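Per-entry structural report
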Amino acid sequence: MYRWFVRNDKSSCSGGQALISLSALLLCFCISTLAQSTAPASKANSPFSIRATHVMGLPNTKSNCKGTLTTEDNVLRFQQSGKPIAQVDIASVRYVFLGEESVQVGGLPMKIGKAAAPYGGGRLVSLFAHKKYDTLTLEYVDGDGGLHGAILLVTKGQGELVRDELVARGVSSSSDEGGPTKQSTSEVRYEDK
Amino acid sequence: MKTSKLTFWIFCLAASIMIAVTLSGRLAGQTVQPSGTGSGSGTQWSVQVERIDPGQLDLAHSFQVAIYENLLEELNKTKRFKYVLREGDSKASEIPSLLILKTMMVKYAPGSETQRAVTTVSGATKLTVRSQLVTREGEVVLEHTVNGNVRFFGGNLRATHNLARNIAKVIKQSAWAESERLARYVPVNSICAAGSIHGCSSREENR
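Bear in mind the structure is a predicted one, so any value in this text is a computation, not a measurement.

So, on to the overall build of chain B. The helix and strand inventory of chain B stands at six helices and five strands. Walking chain B from its N terminus toward its C terminus, one meets helices and strands in the order α-β-α-β-β-α-β-β-α-α-α. Expressed as a percentage of the 207 residues in chain B, the buried residues total 35%. In chain B, of all internal contacts separated by at least 6 residues, the share reaching a separation of at least 24 is 68%.

Encoded structure:
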(Lines give C-alpha, C1' and ligand atoms only; values in the text may rest on other atoms or scores of the structure.)
Protein backbone atom coordinates (compact mmCIF):
# COMPACT_ATOMS: atom_id res chain seq x y z
CA MET A 1 0.00 0.00 0.00
CA TYR A 2 2.73 2.32 1.04
CA ARG A 3 4.67 1.26 -1.95
CA TRP A 4 1.68 1.94 -4.13
CA PHE A 5 1.26 5.33 -2.67
CA VAL A 6 4.90 6.07 -2.97
CA ARG A 7 4.89 4.90 -6.56
CA ASN A 8 1.80 6.94 -7.17
CA ASP A 9 3.42 10.02 -5.61
CA LYS A 10 6.53 9.57 -7.69
CA SER A 11 4.58 9.34 -10.91
CA SER A 12 2.55 12.43 -10.09
CA CYS A 13 5.75 14.25 -9.19
CA SER A 14 7.47 13.36 -12.46
CA GLY A 15 4.33 14.33 -14.37
CA GLY A 16 4.32 17.71 -12.65
CA GLN A 17 7.99 18.20 -13.40
CA ALA A 18 7.36 17.41 -17.02
CA LEU A 19 4.48 19.88 -17.07
CA ILE A 20 6.64 22.57 -15.45
CA SER A 21 9.53 21.99 -17.85
CA LEU A 22 7.13 22.03 -20.81
CA SER A 23 5.58 25.29 -19.70
CA ALA A 24 9.03 26.77 -19.10
CA LEU A 25 10.03 25.72 -22.59
CA LEU A 26 6.89 27.30 -24.01
CA LEU A 27 7.55 30.48 -22.05
CA CYS A 28 11.12 30.67 -23.35
CA PHE A 29 9.89 30.14 -26.88
CA CYS A 30 7.28 32.89 -26.48
CA ILE A 31 9.82 35.31 -25.01
CA SER A 32 12.33 34.64 -27.77
CA THR A 33 9.64 35.09 -30.43
CA LEU A 34 8.51 38.31 -28.81
CA ALA A 35 12.11 39.57 -28.57
CA GLN A 36 12.72 38.79 -32.23
CA SER A 37 9.63 40.66 -33.32
CA THR A 38 10.44 43.74 -31.23
CA ALA A 39 14.22 43.85 -31.85
CA PRO A 40 14.24 46.07 -34.97
CA ALA A 41 11.96 48.64 -33.40
CA SER A 42 14.10 48.98 -30.31
CA LYS A 43 17.25 49.16 -32.46
CA ALA A 44 15.75 51.93 -34.58
CA ASN A 45 14.95 54.07 -31.56
CA SER A 46 17.97 53.35 -29.42
CA PRO A 47 20.77 55.95 -29.44
CA PHE A 48 23.88 55.06 -31.39
CA SER A 49 27.21 56.75 -30.76
CA ILE A 50 30.73 56.42 -32.20
CA ARG A 51 33.89 58.50 -32.51
CA ALA A 52 34.31 60.18 -35.91
CA THR A 53 36.36 62.79 -37.73
CA HIS A 54 34.43 65.47 -39.57
CA VAL A 55 36.11 66.12 -42.92
CA MET A 56 33.65 68.63 -44.34
CA GLY A 57 30.03 69.55 -44.88
CA LEU A 58 28.26 69.57 -41.52
CA PRO A 59 26.81 72.93 -40.47
CA ASN A 60 28.79 75.08 -38.02
CA THR A 61 31.60 72.59 -37.72
CA LYS A 62 35.24 73.04 -38.63
CA SER A 63 36.90 70.73 -41.10
CA ASN A 64 39.09 67.88 -39.89
CA CYS A 65 37.93 67.89 -36.31
CA LYS A 66 37.23 64.91 -34.09
CA GLY A 67 34.03 64.35 -32.19
CA THR A 68 31.20 62.01 -31.42
CA LEU A 69 28.63 61.00 -34.02
CA THR A 70 25.26 60.15 -32.53
CA THR A 71 21.93 59.14 -33.96
CA GLU A 72 19.03 59.76 -31.62
CA ASP A 73 15.39 60.77 -32.06
CA ASN A 74 15.75 60.85 -35.85
CA VAL A 75 18.56 63.39 -35.66
CA LEU A 76 22.19 62.85 -36.64
CA ARG A 77 24.42 64.78 -34.25
CA PHE A 78 28.12 65.54 -34.33
CA GLN A 79 29.62 67.02 -31.22
CA GLN A 80 33.14 68.14 -30.48
CA SER A 81 34.08 68.45 -26.84
CA GLY A 82 33.05 71.88 -25.62
CA LYS A 83 31.69 73.03 -28.98
CA PRO A 84 28.10 73.49 -30.18
CA ILE A 85 26.40 70.45 -31.67
CA ALA A 86 26.00 70.14 -35.43
CA GLN A 87 22.87 68.26 -36.27
CA VAL A 88 21.10 67.07 -39.35
CA ASP A 89 17.58 65.72 -39.47
CA ILE A 90 17.79 62.11 -40.64
CA ALA A 91 14.63 62.64 -42.70
CA SER A 92 16.55 65.20 -44.77
CA VAL A 93 19.39 62.76 -45.52
CA ARG A 94 18.85 61.43 -49.03
CA TYR A 95 21.73 59.05 -49.44
CA VAL A 96 24.53 57.52 -47.44
CA PHE A 97 27.59 56.10 -49.15
CA LEU A 98 30.34 54.03 -47.65
CA GLY A 99 33.93 54.15 -48.83
CA GLU A 100 37.42 53.38 -47.65
CA GLU A 101 40.45 55.59 -47.23
CA SER A 102 44.01 55.04 -46.06
CA VAL A 103 45.33 58.02 -44.12
CA GLN A 104 48.79 58.81 -42.78
CA VAL A 105 48.66 59.19 -39.02
CA GLY A 106 50.44 61.61 -36.70
CA GLY A 107 49.54 64.89 -38.34
CA LEU A 108 52.01 67.75 -38.67
CA PRO A 109 54.41 66.72 -35.85
CA MET A 110 54.80 63.32 -37.47
CA LYS A 111 55.42 64.92 -40.86
CA ILE A 112 58.13 67.16 -39.44
CA GLY A 113 59.67 64.20 -37.65
CA LYS A 114 59.68 62.15 -40.83
CA ALA A 115 61.22 64.98 -42.81
CA ALA A 116 63.93 65.43 -40.19
CA ALA A 117 64.79 61.73 -39.97
CA PRO A 118 68.18 61.02 -41.59
CA TYR A 119 68.92 58.50 -44.37
CA GLY A 120 65.32 58.43 -45.56
CA GLY A 121 64.13 56.99 -42.29
CA GLY A 122 60.96 59.03 -42.58
CA ARG A 123 59.93 57.11 -45.67
CA LEU A 124 60.27 53.86 -43.80
CA VAL A 125 58.11 55.24 -41.01
CA SER A 126 55.51 56.36 -43.60
CA LEU A 127 55.30 52.82 -44.84
CA PHE A 128 53.83 51.72 -41.51
CA ALA A 129 52.33 54.95 -40.14
CA HIS A 130 49.02 54.75 -41.94
CA LYS A 131 45.58 53.68 -40.87
CA LYS A 132 42.52 52.62 -42.80
CA TYR A 133 39.26 54.40 -42.20
CA ASP A 134 35.74 54.07 -43.48
CA THR A 135 34.44 57.19 -45.17
CA LEU A 136 30.79 58.02 -44.69
CA THR A 137 29.42 60.35 -47.31
CA LEU A 138 26.02 61.85 -46.66
CA GLU A 139 23.83 63.81 -49.04
CA TYR A 140 21.18 65.89 -47.34
CA VAL A 141 18.98 68.86 -48.15
CA ASP A 142 18.42 72.06 -46.20
CA GLY A 143 15.17 73.88 -45.59
CA ASP A 144 15.29 75.54 -49.03
CA GLY A 145 15.93 72.27 -50.81
CA GLY A 146 19.62 73.02 -51.39
CA LEU A 147 21.82 69.97 -51.68
CA HIS A 148 24.54 69.52 -49.04
CA GLY A 149 27.22 66.90 -48.74
CA ALA A 150 29.08 65.81 -45.63
CA ILE A 151 32.08 63.51 -45.26
CA LEU A 152 33.01 61.73 -42.04
CA LEU A 153 35.85 59.35 -41.25
CA VAL A 154 35.17 56.52 -38.81
CA THR A 155 37.26 53.59 -37.65
CA LYS A 156 37.32 50.75 -40.11
CA GLY A 157 34.33 48.49 -39.66
CA GLN A 158 32.19 51.08 -37.92
CA GLY A 159 31.10 52.76 -41.14
CA GLU A 160 28.95 49.83 -42.00
CA LEU A 161 27.24 50.04 -38.60
CA VAL A 162 26.43 53.70 -39.11
CA ARG A 163 25.18 53.05 -42.62
CA ASP A 164 22.96 50.21 -41.40
CA GLU A 165 21.70 52.40 -38.59
CA LEU A 166 20.78 55.16 -41.03
CA VAL A 167 19.24 52.72 -43.48
CA ALA A 168 17.14 51.30 -40.61
CA ARG A 169 15.87 54.83 -40.05
CA GLY A 170 14.80 55.22 -43.64
CA VAL A 171 17.85 56.63 -45.42
CA SER A 172 18.63 55.22 -48.86
CA SER A 173 21.99 53.67 -49.40
CA SER A 174 23.58 53.74 -52.82
CA SER A 175 22.13 51.12 -55.15
CA ASP A 176 25.36 50.34 -56.95
CA GLU A 177 27.46 50.10 -53.84
CA GLY A 178 26.91 47.03 -51.71
CA GLY A 179 30.17 47.13 -49.83
CA PRO A 180 32.75 49.84 -49.32
CA THR A 181 34.31 51.30 -52.44
CA LYS A 182 38.03 50.91 -52.38
CA GLN A 183 40.17 53.71 -53.65
CA SER A 184 42.72 51.86 -55.65
CA THR A 185 46.30 52.76 -55.01
CA SER A 186 47.37 51.91 -58.51
CA GLU A 187 47.78 54.66 -61.05
CA VAL A 188 44.91 53.79 -63.33
CA ARG A 189 43.59 56.29 -65.79
CA TYR A 190 40.05 56.50 -66.99
CA GLU A 191 39.22 58.43 -70.09
CA ASP A 192 35.82 59.84 -70.80
CA LYS A 193 34.80 58.54 -74.20
CA MET B 1 62.80 126.07 -27.42
CA LYS B 2 64.52 122.98 -28.76
CA THR B 3 61.99 120.77 -26.99
CA SER B 4 59.02 122.57 -28.51
CA LYS B 5 60.54 122.25 -31.98
CA LEU B 6 61.04 118.52 -31.43
CA THR B 7 57.44 118.14 -30.24
CA PHE B 8 56.23 120.04 -33.30
CA TRP B 9 58.14 117.71 -35.66
CA ILE B 10 56.89 114.61 -33.86
CA PHE B 11 53.35 115.95 -34.15
CA CYS B 12 53.81 116.61 -37.87
CA LEU B 13 55.20 113.14 -38.42
CA ALA B 14 52.34 111.50 -36.54
CA ALA B 15 49.79 113.54 -38.48
CA SER B 16 51.34 112.64 -41.83
CA ILE B 17 51.40 108.95 -40.90
CA MET B 18 47.75 109.15 -39.91
CA ILE B 19 46.80 110.84 -43.19
CA ALA B 20 48.77 108.27 -45.18
CA VAL B 21 47.12 105.37 -43.36
CA THR B 22 43.63 106.82 -43.84
CA LEU B 23 44.21 107.47 -47.54
CA SER B 24 45.63 104.01 -48.16
CA GLY B 25 42.58 102.48 -46.47
CA ARG B 26 40.24 104.48 -48.70
CA LEU B 27 42.19 103.50 -51.79
CA ALA B 28 42.10 99.88 -50.80
CA GLY B 29 38.36 100.12 -50.33
CA GLN B 30 38.02 101.65 -53.79
CA THR B 31 40.06 98.90 -55.39
CA VAL B 32 38.11 96.14 -53.68
CA GLN B 33 34.74 97.49 -54.82
CA PRO B 34 34.98 96.66 -58.53
CA SER B 35 35.85 93.02 -57.86
CA GLY B 36 32.82 92.81 -55.63
CA THR B 37 30.49 94.01 -58.37
CA GLY B 38 31.74 91.21 -60.53
CA SER B 39 30.84 92.48 -63.99
CA GLY B 40 31.60 95.29 -66.32
CA SER B 41 27.97 95.70 -67.28
CA GLY B 42 27.05 96.50 -63.69
CA THR B 43 24.84 93.44 -63.19
CA GLN B 44 25.72 91.18 -60.35
CA TRP B 45 25.34 87.62 -61.43
CA SER B 46 24.57 84.77 -59.12
CA VAL B 47 25.62 81.20 -59.61
CA GLN B 48 24.04 77.89 -58.82
CA VAL B 49 26.44 75.00 -58.45
CA GLU B 50 25.24 71.67 -59.76
CA ARG B 51 26.44 68.36 -58.39
CA ILE B 52 29.41 66.76 -60.10
CA ASP B 53 28.69 64.58 -63.09
CA PRO B 54 31.06 61.58 -62.85
CA GLY B 55 30.31 60.50 -66.43
CA GLN B 56 31.74 57.06 -67.17
CA LEU B 57 34.31 57.28 -64.39
CA ASP B 58 34.23 55.29 -61.20
CA LEU B 59 34.71 58.31 -58.97
CA ALA B 60 34.13 57.75 -55.25
CA HIS B 61 31.10 59.55 -53.85
CA SER B 62 33.29 61.24 -51.26
CA PHE B 63 35.23 62.90 -54.09
CA GLN B 64 32.07 64.08 -55.82
CA VAL B 65 30.73 65.59 -52.62
CA ALA B 66 34.11 67.10 -51.72
CA ILE B 67 34.44 68.82 -55.11
CA TYR B 68 30.89 70.17 -54.81
CA GLU B 69 31.37 71.52 -51.28
CA ASN B 70 34.80 72.97 -52.06
CA LEU B 71 33.43 74.66 -55.19
CA LEU B 72 30.76 76.41 -53.14
CA GLU B 73 33.36 77.61 -50.68
CA GLU B 74 35.86 78.77 -53.29
CA LEU B 75 33.23 80.55 -55.39
CA ASN B 76 32.13 82.44 -52.31
CA LYS B 77 35.73 83.50 -51.77
CA THR B 78 36.03 85.01 -55.27
CA LYS B 79 33.33 87.60 -54.46
CA ARG B 80 32.48 87.56 -58.14
CA PHE B 81 28.90 86.45 -57.57
CA LYS B 82 26.19 87.98 -55.48
CA TYR B 83 24.75 84.67 -54.42
CA VAL B 84 26.27 81.23 -54.59
CA LEU B 85 23.43 78.73 -54.47
CA ARG B 86 23.33 75.01 -54.05
CA GLU B 87 21.63 72.57 -56.38
CA GLY B 88 17.91 72.35 -55.76
CA ASP B 89 17.74 75.64 -53.86
CA SER B 90 14.24 77.01 -54.26
CA LYS B 91 15.52 80.60 -54.12
CA ALA B 92 17.17 80.16 -57.50
CA SER B 93 13.85 80.67 -59.28
CA GLU B 94 13.56 84.14 -57.78
CA ILE B 95 16.97 85.33 -58.95
CA PRO B 96 16.83 86.91 -62.42
CA SER B 97 20.53 86.93 -63.32
CA LEU B 98 21.54 83.39 -62.58
CA LEU B 99 24.23 81.22 -64.09
CA ILE B 100 24.59 77.51 -63.58
CA LEU B 101 27.96 75.89 -63.01
CA LYS B 102 28.16 72.41 -64.47
CA THR B 103 31.13 70.21 -63.74
CA MET B 104 31.84 66.98 -65.59
CA MET B 105 34.63 64.58 -64.80
CA VAL B 106 37.02 63.99 -67.68
CA LYS B 107 39.91 62.12 -66.12
CA TYR B 108 40.62 60.61 -62.74
CA ALA B 109 43.78 58.98 -61.51
CA PRO B 110 43.37 57.65 -57.97
CA GLY B 111 46.48 58.01 -55.83
CA SER B 112 47.73 56.95 -52.44
CA GLU B 113 48.93 59.13 -49.60
CA THR B 114 51.21 56.38 -48.33
CA GLN B 115 52.75 55.88 -51.77
CA ARG B 116 53.39 59.62 -52.00
CA ALA B 117 54.96 59.71 -48.57
CA VAL B 118 57.23 56.75 -49.30
CA THR B 119 58.28 57.41 -52.89
CA THR B 120 57.62 61.16 -53.37
CA VAL B 121 57.39 60.73 -57.15
CA SER B 122 54.42 58.39 -57.47
CA GLY B 123 50.97 58.07 -55.95
CA ALA B 124 49.62 61.42 -57.08
CA THR B 125 45.85 61.86 -57.15
CA LYS B 126 44.86 63.66 -60.33
CA LEU B 127 41.50 65.06 -61.32
CA THR B 128 40.52 66.71 -64.58
CA VAL B 129 37.09 68.24 -65.11
CA ARG B 130 35.29 70.24 -67.74
CA SER B 131 33.45 73.08 -66.10
CA GLN B 132 30.83 75.17 -67.84
CA LEU B 133 29.03 78.32 -66.84
CA VAL B 134 25.68 78.26 -68.58
CA THR B 135 22.69 80.53 -68.59
CA ARG B 136 19.20 79.33 -67.70
CA GLU B 137 18.52 79.00 -71.41
CA GLY B 138 21.45 76.63 -71.71
CA GLU B 139 23.88 78.92 -73.52
CA VAL B 140 27.48 78.28 -72.53
CA VAL B 141 29.14 81.44 -71.27
CA LEU B 142 32.43 79.94 -70.17
CA GLU B 143 33.97 76.55 -70.72
CA HIS B 144 37.28 75.34 -69.40
CA THR B 145 39.10 72.13 -68.65
CA VAL B 146 40.65 72.35 -65.22
CA ASN B 147 43.06 70.10 -63.31
CA GLY B 148 43.45 69.47 -59.62
CA ASN B 149 46.24 67.31 -58.26
CA VAL B 150 47.87 66.37 -55.02
CA ARG B 151 51.48 65.30 -55.61
CA PHE B 152 53.41 65.50 -52.36
CA PHE B 153 51.66 66.43 -49.13
CA GLY B 154 48.13 65.93 -47.93
CA GLY B 155 45.38 63.39 -48.23
CA ASN B 156 43.68 62.34 -51.44
CA LEU B 157 40.74 64.67 -50.84
CA ARG B 158 43.13 67.61 -51.03
CA ALA B 159 43.02 67.18 -54.80
CA THR B 160 39.36 68.18 -54.71
CA HIS B 161 40.24 71.36 -52.84
CA ASN B 162 42.94 72.22 -55.37
CA LEU B 163 40.56 71.50 -58.23
CA ALA B 164 37.83 73.72 -56.81
CA ARG B 165 40.35 76.50 -56.20
CA ASN B 166 41.55 76.26 -59.81
CA ILE B 167 37.98 76.36 -61.17
CA ALA B 168 37.21 79.41 -59.04
CA LYS B 169 40.46 81.02 -60.23
CA VAL B 170 39.55 80.48 -63.88
CA ILE B 171 36.08 81.93 -63.34
CA LYS B 172 37.52 84.91 -61.49
CA GLN B 173 40.18 85.70 -64.08
CA SER B 174 38.21 85.21 -67.26
CA ALA B 175 36.13 88.01 -68.73
CA TRP B 176 32.90 86.04 -69.07
CA ALA B 177 30.84 88.85 -67.59
CA GLU B 178 31.73 91.12 -70.52
CA SER B 179 30.89 88.56 -73.17
CA GLU B 180 28.30 89.42 -75.81
CA ARG B 181 26.45 86.17 -75.22
CA LEU B 182 25.79 87.12 -71.63
CA ALA B 183 24.77 90.68 -72.50
CA ARG B 184 21.59 89.30 -74.08
CA TYR B 185 20.55 87.77 -70.80
CA VAL B 186 21.17 90.77 -68.58
CA PRO B 187 17.86 91.71 -67.00
CA VAL B 188 16.86 95.39 -67.15
CA ASN B 189 15.95 95.62 -63.49
CA SER B 190 17.76 93.25 -61.25
CA ILE B 191 15.26 92.64 -58.48
CA CYS B 192 17.71 90.74 -56.38
CA ALA B 193 20.28 93.54 -56.61
CA ALA B 194 17.73 95.81 -54.99
CA GLY B 195 17.44 93.27 -52.20
CA SER B 196 13.74 92.69 -52.65
CA ILE B 197 13.86 88.91 -52.80
CA HIS B 198 12.60 87.42 -49.64
CA GLY B 199 15.00 84.95 -48.09
CA CYS B 200 17.93 85.53 -50.45
CA SER B 201 21.12 84.59 -48.66
CA SER B 202 24.18 86.66 -49.28
CA ARG B 203 27.76 85.45 -49.63
CA GLU B 204 28.43 86.03 -45.97
CA GLU B 205 25.33 84.12 -44.91
CA ASN B 206 26.20 81.21 -47.15
CA ARG B 207 29.45 80.81 -45.34
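Scanning chain A for helices and strands turns up four helices and nine strands. Across chain A, helices and strands are ordered from the amino to the carboxyl terminus as α-β-β-β-β-β-α-α-β-β-α-β-β. A fraction of 58% describes how many contacts in chain A between residues 6 or more apart in sequence connect residues 24 or more apart.

Generally speaking, a soluble globular protein has its nonpolar side chains buried in company with each other. Membership of the largest hydrophobic core comes to 65 residues, with the highest contact counts inside it found for Val93 and Leu152 of chain A. Ranked by residues supplied to this core, first place goes to helix 2 (residues 61-78) of chain B with eight residues.

Moving on, we get to the sheet that holds strand 3 (residues 75-79) of chain A. Residues and elements named next belong to chain A. With mixed pairing, the eight strands of this open sheet are ordered in space as 4-3-2-1-7-6-5-8. In the strand order of this sheet, the two ends are held by strand 4 (86-89) and strand 8 (172-173), each with one partner. As paired strands, strand 1 (residues 48-56) and strand 2 (residues 65-72) are joined by seven bridges and run antiparallel to one another. Each residue of the ladder has a partner; that of arginine 51, found in strand 2, is threonine 68. Sheet contacts for helix 4 (residues 158-168): strand 1, strand 2, strand 5 (93-104), strand 6 (130-141), strand 7 (147-155) and strand 8; angle to strand 5, the most-contacted strand, approximately 175°.

Attention now moves to the interface of chain A and chain B. Facing the 36 residues of chain A at the interface are 35 residues of chain B. Secondary structure elements with two or more residues in the side of chain A that touches chain B: strand 1, strand 5, helix 3 (121-128), strand 6, strand 7 and strand 9 (190-191) of chain A. Here the element with the most residues in the side of chain A that touches chain B is strand 5 of chain A; it accounts for six residues. Residue composition of the side of chain A that touches chain B, by class: ten nonpolar, 17 polar and nine charged.

Turning our attention to unusual backbone geometry. Unlike most non-glycine residues, asparagine 64 of chain A shows phi in positive territory, near 55°. Its location among the elements puts asparagine 64 of chain A in the loop between strand 1 and strand 2.

It is worth spelling out the confidence of the model for chain B at this point. All names here are of chain B. Within chain B, residue pLDDT values average 79, and 72% of them lie at 70 or more. Overall, residues 25-40 carries pLDDT values under 50, and its contacts beyond four positions in sequence, including any with other chains, amount to 14 contacts. The low-confidence segment residues 188-207, where pLDDT is below 50, has 28 contacts with residues more than four positions distant or belonging to other chains.

All names here are of chain A. Every buried residue of helix 4 is listed here: Gly159, Val162, Arg163, Glu165 and Leu166. Viewed along the axis of helix 4, the buried residues span an arc of 160°, placing them on a single side of the element. As for helix 4, its buried residues are in contact with strand 1, strand 2, strand 5, strand 6, strand 7 and strand 8. Glycine 170, located one to two residues past helix 4, shows a positive phi value of around 105°.

Residues and elements named next belong to chain B. Close contact between helix 2 and helix 4 (residues 158-173) brings their axes to 8 Å; oriented N to C, the two are set at 40°. If you check the angle between helix 2 and helix 4, you find them oblique. Viewed along their axes, helix 2 and helix 4 form a crossing whose handedness is right-handed. Here Phe63, Ala66, Ile67, Asn70, Leu71, Glu74, Leu75, Lys77 and Thr78 of helix 2 lie close against helix 4, whose contacting residues are Thr160, His161, Leu163, Ala164, Arg165, Ile167, Ala168, Ile171 and Lys172.

Another aspect to go through is the pairing of strand 3 of chain A. Residue and element names in this part refer to chain A. Of the two faces of strand 3, the one holding Leu76 and Phe78 is buried and the one holding Val75, Arg77 and Gln79 is not buried anywhere. Summarising the sheet, strand 2 and strand 3 pair through five bridges and their orientation is antiparallel. Pairing of threonine 68 across the sheet is with glutamine 79, part of strand 3. In this structure, the hairpin formed by strand 2 and strand 3 is closed by a connection of two residues, where aspartate 73 is found at a positive phi of approximately 50°. The antiparallel pairing of strand 3 with strand 4 creates a hairpin that spans six residues between the two strands, and glycine 82 there sits at a positive phi of about 75°.

Turning to the environment of threonine 120 of chain B, a few remarks are in order. Tracing the backbone through its elements, the reader meets threonine 120 of chain B in the loop between helix 3 (113-119) and strand 4 (125-135). Sequence separation of threonine 120 of chain B and arginine 151 of chain B is 31 residues, and the distance between their C-alpha atoms is 7.7 Å.

What counts and what doesn't
Residues numbered from 1 in each chain as written. Chains lettered and ligands numbered in written order. Predicted model: local features only at pLDDT ≥ 70, side-chain atom pairs only at ≥ 80, totals over all residues. Helix = DSSP H or I, 4+ residues; strand = E, 2+ residues; numbered from the N terminus. Buried ≥ 20, exposed ≤ 12 C-beta atoms within 10 Å, placed from the backbone. Contact = placed C-beta atoms within 7 Å. Core = buried A, V, L, I, M, F, W, Y, C linked by C-beta atoms within 7 Å. Pairing = 2+ DSSP bridges. Axes fitted to C-alpha atoms, helices over the stretch in contact; angles between N-to-C directions. Nonpolar A, V, L, I, M, F, W, Y, C, P; charged D, E, K, R; others polar. pLDDT = per-residue confidence, 0-100. Arc of directions from axis to C-beta. Parallel < 35°, antiparallel > 145°, perpendicular 65-115°, else oblique. Left-handed = near helix turned anticlockwise from the far one by under 90°.

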